[in-house]
Every structure is written in structure tokens, then in C-alpha cells.
Amino acid sequence: MPIRAPHSHLFSSINLHVISGKLGHGGRRAVYEALNLVAYIDMMTMLVIFLLMSFSATGEIVFVQKNLVLPDALNWSELDRAPVVSITKDVVTLDGRQVATGDDLNADPATGDSKLTELHENLVTLKNNYKLLHPNEDFLGSVVLQCDKQVEFKALKKVMYTAALAGYANVNFAVQPKVKGAAAAE
Amino acid sequence: MSVSVDTGGKGGKKPLNADLNLVPYIDLLTCMVAFLLITAVWTQLARLEAKQKAVGQASTEEQPTIPTVKITVIINEEGYNLVVDQDQTPIPKVDEKTYDTEALSEQLKKLKEAHPDKNDVIVASEDAIHFERVVQAMDTVISARFTDVSLIDAGGAGI
């Protein structure tokens, strides 16, 4: 029970009901219960600190699809913003939009062109848009390939060939980083 | 909600109470948590860089006046094949599924010691090789301090 400074008391022999109600609790037990928010503030503080530590101004560059497992790599570098081409056995997407199917990937290059037409057109469009928006900057020709680790090289080389035709010579493979060794950029 | 700090005081003097209002602090925390949850990056990914020459374009790099060795790592069903100019060093698989990356790494480190100025290596893969094997080979090459890795098709390059 907290210690309070002594104050005026109304003797019970004095019949002033209004005053006694105001001075005491009217003879009733208090119904108020203070809500302890200390634990809540502690939780919020810890949450903010944790989220601040994992904050990235770059944002999410690559959204990994559910059925796509990336390979691991020791000598990795930081991911930069670039068009993202996702390759699985069934579909090829560019920035989330489908541009080729598994049949296109498995088609024999001897019987047809190795170029994926829709992917090529979209990449060229992105390149032209970049040059229009950044007239004073050189076009680096970087593209991020997010490829499932079980995809055969036969399919991957078609995408790389298409990207090279569109002017994207710098291919960056998205990988799961392992313990950072000597970075490739060094 | 507030916190009351009662400093007490002598009898007759006005008590000094300082109420610390925590409501704005809770509001700030709530807004920060909401913002940070929306902008949080949950999957940390990285990249492995590989170069390829643009089709139809001549190389813009200056041709070296001193001839240098050409190092190629070929990945096929049998394992690795390390080609230095015309010399081939096959590195067979350890078992049916496991490639001998340690042996490849040792060979590449010896090459790096012999040619410390050489930084570029070509990794050539056959069609049936899975992408994770290609990445594993590229990773091994970079670990041996060959930072300039190019990726080509083993069949198309006539290797």
C-alpha cells in the first residue's frame, strides 16, 4: 500500500453524504485497475531495435519464388539493382512476368533459334528505357539470373545468349551467401 | 498513462511532481514498428558475377602484347577437365554424384602461383550439367583468386 501524506478526514458522525462520497470512495471498492504497460513498451523497444538492425535501404531486390532453390556460394558480392530473370524448369519470368515456357527452354537449338524472343524484346525495352531516363550514364548491361539449382545448363545458356543479344553482358547469378570469403569485388 | 516522480518535500511546501507522459513514446514505437515491418528484408541474397561477350561485338579490351596462358575449366559428366593452353588435366568425380572440388582448387592454386598476374579463367559447361555444379566450379575458381570468370558453353565453343 503506498504511503501518502495525511489529509483531512470526515468523521463518520457527520452526515454529509455528498462530501463523504467525494472524500472517500463512497463506501464502494474502486473498480479501476491500472494497466501495466511496462512489458508492452519493453517488447516494442526490442522489436524496433531488431528491425532497425535488419533494415536495408536498398530494399528487396529479388523475391525468391517458392519452388526455386538457389545454390550456395562462398565468394559472393552484394546484389545490385538490375532486371531479374527467374529460371525454373517450367517457366522463365522477367521481373515477375512470364516471358518463356519450359518448352521454349527445352527446344533443340539445332531446329530453331536459341533466342527467347519475348525475353529479348522485354530486355531491349528495359535497356532503351534506362538510356532515356539516364542519358548521362553508361548502360552497364547487368542482369540478375535467379536460377533453380537443378536447372540444366542447356536451359541457362539460352537465357544467357538472349541476354547477350539484348546487350546484357554482365550476368549476375543470385546465390545463397555462405560465410563471406574473399569477395569477388576485391 | 504517465509516470509520477514524487520528489517529496518538507511539510508546508508544494510537492514537486513530474509526470512523464509515455503516450507519445508508445505512438512513436508503434509507427516505427509498422514502418520497419513493411520495409524489412527477410531474405538476404547475394550475387556471383560472370562475364560473357556480347554476341557480334568485338572485344573492346586491348589485345595483350605478351601472350598469356588460357585457362579453361570444363565441367562434364565425368568430372572436371582443367585445360591450360593445350595441356589437359582431367579431375574425375569422387563418386557418382560428388565432384572433386578440392583437387580442382589445388590445381588452380598451383596455376595461380605459377601465373600470379593471370586473373581470368573460362568456365565451360556441358548441356546436361546442373546449375549448382556450375556455381560450385565458379566459386572454386574465385576462391583460387581468379577474379575474372567467364561462362561459356562447352559444346558451342568446340571444346
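All residue numbers refer to positions counted from 1 along the written sequence of the respective chain. Chain A is the first chain written and ligand 1 is the first ligand written, with later ones labelled in order. pLDDT decides what is reported in this predicted model: residues at 70 or higher carry local features, side-chain atom pairs at 80 or more are listed and counted, and totals for whole chains, interfaces and linings draw on all residues regardless. Excluded from the side-chain calculations are hydrogens and water; all other atoms, namely the structure's heavy atoms, are used.

### Notes on the overall build of chain B
For clarity, the cut-off: Secondary structure elements follow DSSP: runs of H or I of four or more residues count as helices, runs of E of two or more count as strands, with numbering from the N terminus. Classification of residues uses two cut-offs on accessible area relative to the type maximum, computed with a 1.4 Å probe and protein chains only: under 20% is buried, over 50% is exposed, and between them is partly exposed. The criterion used for residue contact is that any of the two residues' heavy atoms lie within 4.5 Å.
Per the secondary structure count, chain B includes 3 helices and 8 strands. Along its sequence from the N terminus, chain B presents helices and strands in the succession β-β-α-β-β-β-β-α-β-α-β. Split into buried and exposed, the 159 residues of chain B put 35% on the buried side. Contacts spanning at least 24 positions in sequence make up 55% of the contacts within chain B whose residues lie at least 6 apart.

### A closer look at the overall build of chain A
Put simply, the rule reads: Residue exposure ignores everything except the shown protein chains as possible cover, and the areas themselves are Shrake-Rupley values with a 1.4 Å probe.
A count of helical and extended segments in chain A gives 5 helices and 7 strands. Tracing chain A from N to C terminus, the helices and strands come up as α-α-β-β-β-β-β-α-α-β-α-β. When the 186 residues of chain A are sorted by exposure, 35% land in the buried category. Taking as baseline every contact in chain A between residues at least 6 positions apart, the subset at least 24 positions apart corresponds to 68%. Surface summary for chain A: the accessible area is close to 12100 Å², and the carbon and sulfur share equals 57%.

### As for the environment of Glu33(A)
All names here are of chain A. Relative to the elements of secondary structure, Glu33 occurs in the loop between helix H1 (17-23) and helix H2 (38-53). For Glu33, a relative accessible area of 72% gives the class exposed. Between the C-alpha atoms of Glu33 and Gln146, which are 113 residues apart in sequence, the distance is 56 Å.

### Things to note about the interface of chain A and chain B
Here is the rule: The term buried area denotes the loss of accessible surface (1.4 Å probe radius) that occurs when two parts are joined, taken as the sum for both partners. A 3.5 Å cut-off defines polar contacts: any pair of N or O atoms within that distance qualifies, except that in protein one atom must be a possible hydrogen donor and the other a possible acceptor, and neighbouring residues in sequence count only when both atoms are side-chain atoms. Any residue that is not Ala, Val, Leu, Ile, Met, Phe, Trp, Tyr, Cys, Pro, Asp, Glu, Lys or Arg is counted as polar, Gly included; the first ten are nonpolar and the last four charged. Pairing between strands is defined by DSSP: at least two bridges between them are needed.
The interface is formed by 55 residues belonging to chain A together with 46 residues belonging to chain B. Both faces combined, the contact of chain A with chain B buries some 4500 Å², and carbon together with sulfur accounts for 65% of it. At the surface where chain A touches chain B, the tally comes to 20 residue pairs in polar contact (both at pLDDT 80 or more). Of all the secondary structure elements, the ones that give two or more residues to the side of chain A that touches chain B are H2, strand S1 (72-73), strand S2 (77-78), helix H5 (153-165) and strand S7 (170-177) of chain A. Taken together, the residues that form the side of chain A that touches chain B break down as 35 nonpolar, 10 polar and 10 charged. Two elements, S2(A) and strand S3 (residues 46-51) of chain B, share 2 bridges in a ladder whose sense is antiparallel. Within S3(B), the position partnered with Ser77(A) by the bridge is Arg47(B).

### Some details on the pattern of salt bridges
Stated formally: The term salt bridge refers to a pairing of a side-chain nitrogen on Lys or Arg with a carboxyl oxygen on Asp or Glu at a separation within 4 Å.
Considering all chains together, one arrives at 5 salt bridges over all chains under this definition. The shortest N-O distance in the salt bridge between Asp80(A) and Arg47(B) comes to 3.6 Å. Of this pair, Asp80(A) sits in the loop between S2 and strand S3 (84-87) while Arg47(B) sits in strand S3, each in a different chain. Accessibility expressed as a relative area gives 44% for Asp80(A), which makes it partly exposed. If you follow the salt bridges from partner to partner, you end up with Asp80(A), Arg47(B) and Glu49(B) in one network.

### What to know about the side chain of Thr140(B)
All names here are of chain B. Structurally, the position occupied by Thr140 is in helix H3 (residues 131-143). Here Thr140 falls in the buried class, since its relative accessible area comes to 9%. Residue contacts for Thr140: discarding those within four places in its chain leaves Thr101, Leu104, Ser105 and Leu108.

### Details of the nonpolar core
General note: in soluble globular proteins, nonpolar side chains tend to be found buried as a group. Formally: Residues grouped as a nonpolar core are buried Ala, Val, Leu, Ile, Met, Phe, Trp, Tyr and Cys residues, joined through side-chain atoms within 4.5 Å.
The biggest cluster of nonpolar side chains holds 56 residues, and the ones touching the most others in it are Ile87(A) and Phe173(A). The dominant element in this core, judged by the number of residues it contributes, is H3(B), at 7 residues. Contacts of Ile87(A), omitting those with residues within four sequence positions, involve Leu68(A), Val92(A), Leu105(A), Leu145(A), Gln146(A), Cys147(A), Asp148(A), Val151(A), Leu156(A) and Val159(A). Listed in part, the 10 residues of the second largest apolar core include Ile41(A), Val48(A), Leu36(B) and Ala40(B).

### Thoughts on H5(A)
Residues and elements named next belong to chain A. Put simply, the test is: Helix span, expected: 1.5 Å multiplied by one less than the number of residues in the helix.
Between the first and last C-alpha of H5 there are 18 Å, a value that for 13 residues agrees with the 18 Å anticipated at 1.5 Å per step. For H5, the buried fraction is high: 10 of the 13 residues fall into the buried class. When H5 is considered as a whole, its buried residues turn out to be Phe153, Ala155, Leu156, Lys157, Lys158, Val159, Met160, Thr162, Ala163 and Ala164. At the exit of H5 stands Gly167, carrying a positive phi of roughly 100°.

### Observations concerning the environment of His115(B)
Its location among the elements puts His115(B) in the loop between helix H2 (101-114) and strand S7 (120-125). C-alpha separation for the pair His115(B) and Ile71(B), spaced 44 residues apart in sequence, amounts to 11 Å.

Interpretation in functional terms is not warranted from these geometric data alone.
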